[in-house]
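These are the residues of each chain, in order.
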Amino acid sequence: MLSTVAERMYWAARYLERTENTARLVGVYDNLLLDLPRGIHISWYNLVALNGLTENFAEHYADRDEHSVVSFLLADDRNPVSMLSSLRLLRENVRTTRDVLSPQAWEFVNELHLLAIGNFGAAGDLRGQRHRLLDDIIKGCVQISGLLNDAISHDAGWQFIQLGRHLERADMITRILDAGAVLLLQPAAEQGVNLAQIVWGHVLRSLDAYQGYRRTVRAKVSGVDVTRFLLEDEYFPRTMRFCHDRLADAIDRLPNRKAARECLALVSNAPFPFEAEDCLGEPLREHLNELQIRLAGLHQCFFESWFSFA
């Protein structure tokens, strides 16, 4: 397989996962703010910060209100990781690899792209319809993921899709957990345990993990249990452990894998010491930041091992 084709398949998977994750994040944050007790105010700007986009946002927006943040995250071309930017890049990568992907994949990606630009392209913040439209985006992403899983050969190309999907997913897991930690570090956290349950419950829902958590943990929602589940559970598809195992499996099926295996070991060799709720503040945030740095290093390793031969 040509390295350029492999790289495009890898990035197509990342952009597809990023599109879905951005839609999930905005939708669940919307629901979280509706569920908060009276008197507790949490800024939409937290979503900009947890994605590391503060400088980009400040260049183009004077206000940090809901409209500005949602428009920036969903529809702004000046944001390279906005939902529409990710969809456009997904479309381009699929277009240039149509000879190795299912023909339906190109059709479904085009349909999803048209749905998004038709509804979010003008303003990016259709508040009254936002929940339904984001749900449609998520369903479209799941449909394309299922097609990529079931309608192409599980050869080297498919392994690169797995690398892109699960690296992007692992990164988003760290950011969503970080969002929960940030919310509970604010003064509103002094309101008591009920707020913690609301926040961690929405952290689970943002990853479609609430039912999986309840079936596995069989206990009420708590920060320690939620964090442990999302970092260490080996069976649920949206956990760090599951993503790590799928990355390891894909790497082992590709040539020239030694360096990638060593980089992946750096990610897995960073366990978090679960002790009590108070470890879920700055200690957890520092741990998640370290994981994000190591995941970025893993991406660079993929690039050097398979996509660049200069």
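Description of the structure in this document. Everything numeric in this text was worked out from a predicted model, so none of it was measured.

1. Observations concerning the packing of aromatic side chains
Applying the stated criterion across every chain, the model contains 14 aromatic pairs. Judged by centre distance (5.7 Å) and plane angle (80°), the rings of F160 and W306 are edge-to-face. Of this pair, F160 sits in helix α8 (residues 156-185) while W306 sits in helix α14 (residues 282-307), and the two are 146 residues apart along the sequence. In this pair, the class of F160 matches that of W306, namely buried. In this structure an aromatic cluster arises from ring pairing among Y10, W11, Y15, F160, F302, W306 and F307. In this structure, R64 is placed above the aromatic ring of Y45, and the distance from its NZ or CZ to the ring centre is 4.0 Å.

2. Examining the pattern of salt bridges
Counted according to the given criterion, the structure contains 22 salt bridges. For the salt bridge of R285 with D178, the shortest nitrogen-to-oxygen distance reads 2.6 Å. In this pair, R285 sits in helix α14 while D178 sits in helix α8, placing the two residues 107 residues apart along the sequence. R285 gets classed as partly exposed once you look at its relative accessible area, which sits at 28%. Salt bridges sharing partners connect three or more residues here, namely E17, E20, R24, R169, D208 and R238.

Definitions and limits used
- Residues numbered from 1 in each chain as written.
- Predicted model: local features only at pLDDT ≥ 70, side-chain atom pairs only at ≥ 80, totals over all residues.
- Heavy atoms only, no water.
- Phe/Tyr/Trp six-rings, centres within 6.5 Å; stacked < 30°, edge-to-face > 60°.
- Helix = DSSP H or I, 4+ residues; strand = E, 2+ residues; numbered from the N terminus.
- Buried < 20%, exposed > 50% of the residue type's maximum accessible area, 1.4 Å probe, protein only.
- Lys NZ or Arg CZ within 6 Å of the ring centre and 35° of its normal.
- Salt bridge = Lys/Arg side-chain N within 4 Å of Asp/Glu carboxyl O.

Any functional reading would require information that these geometric values do not contain.
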